[in-house]
Amino acid sequence: MAKAVSHFYLPEDRVPLPPPDAKVSTTACDYCIVACGYMVYTWPLGKEGGPKASQNALKVNFPAAINSGKWISPNMHNIVHVEGTPHHLVVVPDGDARVVNVGGNHSIRGGVLAQKCFNPNKPSQERLLHPMMRVRGTLQAISWDAAFEVLAGVSRHVLDRYGESAWAMKTYSYQYFENTYAISKLAFWAIQTPAYAPHDKPGPGPDTPGLDWAGIDAFSASYEDWGEADVIYFAGVDPWETKSVLFTTWIMNGKNPDKKLIFALPRKTTGVAYGEGKGGLFLPVIPGTDVVLQLAISRVILENGWEDKAFIEKWVSNAWEIDTGMGRGPRNTPSEWFTTWGRYGVGFADYKKWILGYKYAELPTAERITGVPADSIKRAAELLAKPRPDGSRPKTSFMLEKGIYWCNNLGNTTSFAALGLLCGAGNRPGRVIARGGGHQRGWMGGSGYPRGISPEKFPGRRKKEIDLDRWVVDGHVRFAWVIGTTWLQAMAASQELMDVFEKLTRGNPNQIRSFDPKSAIETLKRRADSGGLVVVDQDIYPVDPIGTQFADLVLPAATWGEEDFTRCNGERRLRLYSKFYDAPGEARPDWWIIAGFARKMGFKGFDWKDSNEVFEESARFGRGGVLNYHPLVVKAKREGKRAHDLLRQYGTEGIQTPIRMVGGALVGTKRLHDSTLQLGPPEGVTVHPKWLTSFDTHTGKAILLRSYWEDFQDFHEAVSPVGDELWVTNGRINELWQSNFDDLRRPYIMQRWPYQFLEIHPEDAKARGIESGDLVAIENDNVLVQTGGYLGVDDNELSFAELRKAGHIQATTGSFNAVAMVTDAVRKGVTFAYFGFSGNPANSVVPRVPDPVTNRYRFKLGKGRITKIGESPYKRSFTSMSFAPRPIA
């Protein structure tokens, strides 16, 4: 690594202003869960607006204030094609926004949105432009007709000979209702395959079962609630790093800007520094031990009688209600099994008795396991729950994210929900329990997941969702269609997974040698019959290695700005993401590609003419759900409008789902489980599920779920660092988004973060002779992976200890390298890397053994030996990759 990669941003000194007659569109940011509102201006080359308000489309005098939504930076401008003609493009935050990003606030990610739009003279020129087939080892352009013929020919063979479970899909779960509806309709209704997994997990199912099973929707909160709280407990998340406008607009400000913030994280971040400066608290927890920390806080609250007794009496299920079967429901589902059985779901009296006698909730034990001082645990309990001298209680809210549910999914989420309920949170303004969120919410299922034919089951006769990675590795998949995800880098033990894909694809002797579709089909049939794997990758850029190395077909997708799309943000706010420029080459929306394949297969019901038709059809499948937009579609039809066009009228404000009709008007829903919401009789197509005003259980009361460190302890001990190993945890940072798929094409961002990094504590660095700017190797010689173990018979058969005893746990290796950043922001013994940096995924050193109950990976529990390779080119450079501390405020 002799010299730095050339990612130098060349600043521009002028930006054209849109003229008064520029076309104006509305959209929302394509990236994080917050989905800030943006205005889009397009106009032909050869004309510009002027600096006076009367001379430009923004209607303001320039120069305008920075970060006002009326100021245009160079990264907010691009050149695109509109109806085949070059146009100027400006994408700016909505300076008139009254919701979400009030007044035009925005993140660094949203501030460079214009650069994601295809421009053949910029790095976005790397977009996929044509369907391609790998012929003699090289991807070469083919027609859509040929692509569909090969797809259908191979699919028919695999389905006929090997069955639905050998035909797999791995797709995003968030990328617009129109696309996800088409994908799920194909996978679950037409194909009826159980071999499906969303982008960030090995199979379908809830990310936060502890909330779901307690009766709490993970996105029940509104952003106003975070602004109104007196105290917020953040577990496994710093919103400043991952959803910055939620933090700067609502948490730093909102109705109560003087709130206290408590962070439970293994590293100190900018949000933590801000919180400490405002009288908050930092709990530097050892990775994976949050369940013990949360139980210990709950115990202190109960020992002191600080629980919200009135709330618990009214809103928490008692033992009789649970024992009579009034659990989370519905019948014969995982949520019922785990809430109505005595080991987990109990009434308050039994929960209190249990936790006061539970040794792992005792302060000395909790301090030893979690690394958090006992005094800090007690202080957290006081801030969260101690009544004021006048008897009033603090408005306390609770936010969690992947930092805890990607460690110990079941135990961490159940103990988190219980802690929030003891403090009286979950169904009132400023008192909520919810996820902060990662991606936006764009899933609309065209059919339910066919769990009944999944190859996996719990002990007894109870089926559970598939672990698709294990299913592939164990040789059960013959065809895999990948849409909008890196898959291999994104999953645990990623390098071992790559090795399997290489063996099943490139390592198989049956390789396409002719452009003739019939010849290609026969070749790929032979590969499938010989135990190999046929791979299709559908994306906007070439994805390495799934697309560039392993895929037999690569299909170009149209994306944000290239089609009218819809989805919701983290407070369920539905908006139209307008089409404002031409998709490049032959790129097509994912729904269009799915429909073309489905028609080739002979499936009915895929004859959509445009994305609006998909949206209107999909609305029927959301009725009665959290993301219900069916009333909007019905109202649009009554008024003789397209549903997309009616939604367009709502601009960047949109409307919060579930949508209701009141007096003929559409009304949004601010929060779920809202005990303050007054409802009249449902009007027209409006539905009033019980969970609008109560918790999502049979009784309408939440359920306290016990959490056991013993359920997780054997696995945690097996993956903990030994000898000179350190924890290698991972996550997001403010400047980058996901796998860097757009960031890699932005010199402005890549100059700041040109390489994977590793934060390491000064004492750990000194012991290894490492300084900031050194290139280091991170190697794990004991990456645990699960094979087999699909069928549970006895109650404990799927526990880690029993899986290991039965030979279902094996060890492999993994490694990546990074540029060291020596900082006391991480606790001693812990390092931190970016989770999905292209070419250097931190998931390489993460075990691939999912939670036996929820099938969720423990992505945050990597480990490895850290050794110095040499100096990186960034060590003595002042042009990129700063090593200044991040936790400053």
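Cut-offs applied
- Residues numbered from 1 in each chain as written.
- Predicted model: local features only at pLDDT ≥ 70, side-chain atom pairs only at ≥ 80, totals over all residues.
- Heavy atoms only, no water.
- Helix = DSSP H or I, 4+ residues; strand = E, 2+ residues; numbered from the N terminus.
- Rg over C-alpha atoms; globule rule 2.2 N^0.38 Å.
- Buried < 20%, exposed > 50% of the residue type's maximum accessible area, 1.4 Å probe, protein only.
- Contact = heavy atoms within 4.5 Å.
- Areas by Shrake-Rupley, 256 points an atom, 1.4 Å probe, with all protein chains shown as cover.
- Lys, Arg positive; Asp, Glu negative; His and termini not counted.
- Charge placed at Lys NZ, Arg CZ, Asp CG, Glu CD.
- Axes fitted to C-alpha atoms, helices over the stretch in contact; angles between N-to-C directions.
- Parallel < 35°, antiparallel > 145°, perpendicular 65-115°, else oblique.
- Left-handed = near helix turned anticlockwise from the far one by under 90°.
- Nonpolar A, V, L, I, M, F, W, Y, C, P; charged D, E, K, R; others polar.
- Pairing = 2+ DSSP bridges.
- Expected span 1.5 Å × (residues − 1).
- Phe/Tyr/Trp six-rings, centres within 6.5 Å; stacked < 30°, edge-to-face > 60°.
- pLDDT = per-residue confidence, 0-100.

*Asks:* What is the right way to read the overall build of the protein from this model?
*Replies:* Helix and strand counts for the protein come out as 28 helices and 31 strands. The C-alpha atoms of the protein give 26 Å as radius of gyration, which agrees with the globular expectation for 889 residues (29 Å, within 12%). Here the C-alpha coordinates of the protein stretch approximately 70 × 70 × 65 Å along the principal axes. Relative to its 889 residues, the protein shows a buried fraction of 66%. Considering only residue pairs separated by 6 or more positions, the protein has 76% of its internal contacts joining residues 24 or more positions apart. Summed over its atoms, the accessible surface of the protein is roughly 30000 Å², and 51% of this surface lies on carbon and sulfur atoms. Taking the average place of the 106 positive charges on the side chains of the protein and the average place of its 97 negative ones, the gap between the two points comes to 2 Å.

*Asks:* Looking at this structure, I do not really get the environment of tyrosine 405. What am I missing?
*Replies:* By the secondary structure assignment, tyrosine 405 is in helix α15 (residues 402-405). What tyrosine 405 contacts, discounting residues up to four positions off in sequence, is Asp207, Thr208, Thr413, Arg435 and Tyr857.

*Asks:* Could you clarify how one ought to interpret the packing of helix α2 (residues 177-191) against helix α22 (residues 611-618) in this entry?
*Replies:* In a pair of packed helices, the angle between the axes and the distance between the axes together describe the arrangement. Relative to each other, α2 and α22 sit at 65°, their axes nearing to 9 Å. What the angle tells us is that α2 and α22 run roughly perpendicular. Regarding α2 and α22, the two cross each other, and that crossing is left-handed. Of the residues in α22, those touching α2 at Glu178, Tyr181 and Lys185 are Ser611, Val614, Phe615, Glu617 and Ser618. Looking at the contact of α2 with α22 residue by residue, the class counts come to 3 nonpolar, 2 polar and 3 charged.

*Asks:* In this structure, what is going on with the sheet that holds strand β21 (residues 573-577)? I would like to understand it.
*Replies:* Consider a sheet: its strands pair through backbone hydrogen bonds, and that pairing is either parallel or antiparallel. Pairing in this open sheet of 3 strands is antiparallel, and the strands run β20-β21-β22 from one edge to the other. Strands at the two margins of the open sheet, each flanked by one partner only, are β20 (565-568) and β22 (655-656). Note that β21 and β22 share 2 bridges and pair antiparallel. Each residue of the ladder has a partner; that of arginine 573, found in β22, is glutamine 656. Running over the sheet, α2 touches β20 and β21 and is turned about 90° from β20.

*Asks:* Help me understand helix α8 (residues 290-303), please; the structure alone is not making it clear to me.
*Replies:* One turn of the α-helix equals 3.6 residues, which is why residues spaced by three or four share an orientation. Compared with the 20 Å implied by 1.5 Å per residue over 14 residues, the 20 Å span of α8 between its first and last C-alpha is a close match. The buried fraction of α8 is high, at 13 of 14 residues. Positive phi shows up at glycine 305, right after α8, with a value of about 70°.

*Asks:* Which parts of the structure should I look at to understand the packing of aromatic side chains?
*Replies:* One pair of aromatic rings is described through two measures. These are the centre distance and the angle between the planes. All told, the structure shown has 50 aromatic pairs when counted by the stated rule. Ring geometry for phenylalanine 757 and phenylalanine 832: centres 6.3 Å apart, planes at 40°, overall tilted. Remark: phenylalanine 832 occurs in strand β30 (residues 830-834) and phenylalanine 757 occurs in strand β27 (residues 757-760); sequence separation between them is 75 residues. You'll find phenylalanine 757 and phenylalanine 832 in the same group, each marked buried. An angle of 85° between the planes, with centres 6.3 Å apart, marks the rings of tyrosine 834 and phenylalanine 837 as edge-to-face. Taking relative accessible area as the criterion, tyrosine 834 reaches 0% and is therefore assigned buried. Joined through ring pairs, the aromatic side chains of Tyr181, Trp189, Trp591, Phe606, Trp608 and Phe621 make up one cluster.

*Asks:* Looking at this structure, I do not really get the confidence of the model for the protein. What am I missing?
*Replies:* Scored by pLDDT, the protein comes out at a mean of 95, with 97% of its residues at no less than 70. This stretch, residues 1-5, has a pLDDT under 50; its non-local contacts, to residues over four places away or in other chains, come to 11 contacts.

*Asks:* How should I be thinking about the packing of helix α13 (residues 363-370) against helix α14 (residues 374-385) in this particular structure?
*Replies:* For the pair α13 and α14, the least separation of the axes is 9 Å and the interaxial angle reads 110°. Considered as vectors, α13 and α14 are oriented roughly perpendicular to each other. For the pair formed by α13 and α14, the contact residues are Leu363, Ala366 and Glu367 on the first element and Ala374, Ile377 and Lys378 on the second.

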